[in-house]
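Descriptive structure summary
The primary structure of each chain is shown beneath.
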Amino acid sequence: MHRQSTASSKTKKAESGSAKTTEVAPMPRTDIGVRLSEQVYESLVEMIVRGQLQPGQPVSEVELARTLSVSRTPIHEAVKQLVKDGLIVQAANRRPVVISFGPDDVRDVYEMRRILESEAAAKAADRIDRPTLDRLDSSLTAFRKSKLNASSIAQWVKLDDEFHSAIANAAGSPRLAADIDRYRLMNRVFNRSHTDATVLKQAADEHARILEGLKSRSADDARKAMRVHLEEWQRFFANHLR
């Protein structure tokens, strides 16, 4: 069953308007192992998605550093990555400028994730070790047993990140894992800002089916379960960014 985009959804709507200090998305919670530039990147993606950095708006690294209370170094690194990802464009000897971001961009991100992560799941089916499978299974079981509340989305963001990262790393290709991680930086923003607790049960069920494929060492089952999972989220986030 597809996730539905209805008027009754509690999903947060994208905000519009220019970037102001009081409206800027907060920096993500600092997690061990997450570089500051990645946290800044996530904040800037969220500002673009929410319209706080608008299409055509020049990007001032000095102003962003002041707004996010960080030095210019992580801002510069994050902006360079945003240029690579096509969310910011920078002509020679010109200031970087924000470009539009909408449902088609979400579809592109998830199309890349589907291609990369489906193959990673297939490769991981033959390579992932039992302790990693047990850890993922334990975390997922605990989440599925927990009562959904205000903290569930934050818990899901952490679980989802660890789940997909573990599979990517188990695929045995550092280059593949690096490419997956690049696209998952955007996904963390979508999870935080556009997910509501009502869809988490289905998402957890989809993770369980991926785990079943990995446990059975079936590359085909793992690939299919991952593909279906990402296609569902592609539809969900594209609908909620309209």
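Look above for the structure.
Now for a look at the structure at hand. (Residues numbered from 1 in each chain as written. Predicted model: local features only at pLDDT ≥ 70, side-chain atom pairs only at ≥ 80, totals over all residues. Heavy atoms only, no water.)

Here we take up the overall build of the chain. Counting its regular elements, the chain contains nine helices and two strands. When its helices and strands are written in sequence order, the chain yields α-α-α-β-β-α-α-α-α-α-α. Residue pairs at least 24 apart in sequence account for 79% of intrachain contacts in the chain once pairs closer than 6 positions are excluded. Counting every atom, the chain has about 12,400 Å² of accessible surface; 50% of that belongs to carbon and sulfur. (Helix = DSSP H or I, 4+ residues; strand = E, 2+ residues; numbered from the N terminus. Contact = heavy atoms within 4.5 Å. Areas by Shrake-Rupley, 256 points an atom, 1.4 Å probe, with all protein chains shown as cover.)

Centre-to-centre distance and the angle between the planes together describe a pair of aromatic rings. Under the definition given, this model contains seven aromatic pairs. Ring centres of phenylalanine 143 and tryptophan 156 lie 5.3 Å apart, and the angle between their planes is 50°; on these two criteria the pair is classed as tilted. Note that phenylalanine 143 is positioned in helix α5 (residues 130–145) and tryptophan 156 in helix α6 (residues 152–170), a separation of 13 residues in sequence. Through successive ring pairs, a cluster of aromatic residues spans Tyr110, Phe190, Trp233, Phe236 and Phe237. (Phe/Tyr/Trp six-rings, centres within 6.5 Å; stacked < 30°, edge-to-face > 60°.)

Another aspect to go through is the packing of α5 against helix α8 (residues 200–215). With their axes 10 Å apart at the nearest point, α5 and α8 run at an angle of 160° to one another. Here α5 lies roughly antiparallel to α8, going by the angle between them. As α5 packs across α8, the resulting crossing turns out to be left-handed. Here Arg130, Leu133, Leu136, Asp137, Leu140, Phe143 and Arg144 of α5 come into contact with α8, specifically with Leu200, Ala204, Asp205, His207, Ala208, Leu211, Leu214 and Lys215. Classifying every residue of the contact of α5 with α8 by side-chain character gives nine nonpolar, one polar and five charged. (Axes fitted to C-alpha atoms, helices over the stretch in contact; angles between N-to-C directions. Parallel < 35°, antiparallel > 145°, perpendicular 65-115°, else oblique. Left-handed = near helix turned anticlockwise from the far one by under 90°. Nonpolar A, V, L, I, M, F, W, Y, C, P; charged D, E, K, R; others polar.)

Further remarks concern unusual backbone geometry. Its identity is not glycine, yet serine 69 carries a phi of approximately 60°, on the positive side. Following the sequence through the fold, serine 69 ends up in the loop between α2 (61–68) and α3 (72–84). The phi angle at arginine 217 is positive, at roughly 60°, despite the residue not being glycine. Residue classification places arginine 217 among the partly exposed positions, given a relative accessible area of 37%. (Buried < 20%, exposed > 50% of the residue type's maximum accessible area, 1.4 Å probe, protein only.)

The subject of this paragraph is the environment of lysine 80. Position of lysine 80 relative to the elements: it lies in helix α3. Under the relative-accessibility criterion, lysine 80 is labelled partly exposed at 47%.

This brings us to the packing of helix α1 (residues 36–49) against α3. The relative placement of two packed helices is expressed as an angle between their axes plus a distance between the axes. The interhelical angle for the contact between α1 and α3, taken along N-to-C directions, is 60°, at an axis separation of 8 Å. Here α1 lies oblique to α3, going by the angle between them. The interaxial crossing formed by α1 with α3 has right-handed handedness. For the pair α1 and α3, contact is made by Leu36, Ser37, Val40, Tyr41, Leu44 and Val45 and by Pro74, Ile75, Glu77, Ala78, Val79, Gln81 and Leu82, respectively.

So, about the environment of aspartate 126. Mapped onto the elements of the fold, aspartate 126 is located in helix α4 (residues 103–127). When its relative accessible area of 65% is taken as the criterion, aspartate 126 is described as exposed. Spatially, the C-alpha atoms of aspartate 126 and arginine 217 are 5.6 Å apart, while their sequence positions differ by 91 residues.

This paragraph deals with α3. Taking 1.5 Å of rise per residue, the 13 residues of α3 would be expected to cover 18 Å, and the 18 Å separating its terminal C-alpha atoms lies within 8% of that figure. Those residues of α3 not exposed but buried are Pro74, Ile75, Ala78, Val79 and Leu82. The buried residues of α3 all sit within an arc of 135° when viewed along its axis, so they share a single face. In the stretch just after α3, glycine 86 is the one whose phi turns positive, near 80°. (Expected span 1.5 Å × (residues − 1). Arc of directions from axis to C-beta.)

Our focus in this paragraph is α8. Taking 1.5 Å per residue, 16 residues should reach 22 Å; α8 reaches 22 Å between its end C-alpha atoms and fits that length. Restricting attention to buried positions, one finds in α8 the residues Leu200, Ala203, Ala204, Asp205, Glu206, His207, Ala208, Ile210, Leu211, Gly213 and Leu214. The secondary structure elements touched by the buried residues of α8 are α4, α5, α6 and α9 (219–240). After α8 finishes, the residue arginine 217 shows a positive phi value of roughly 60°.

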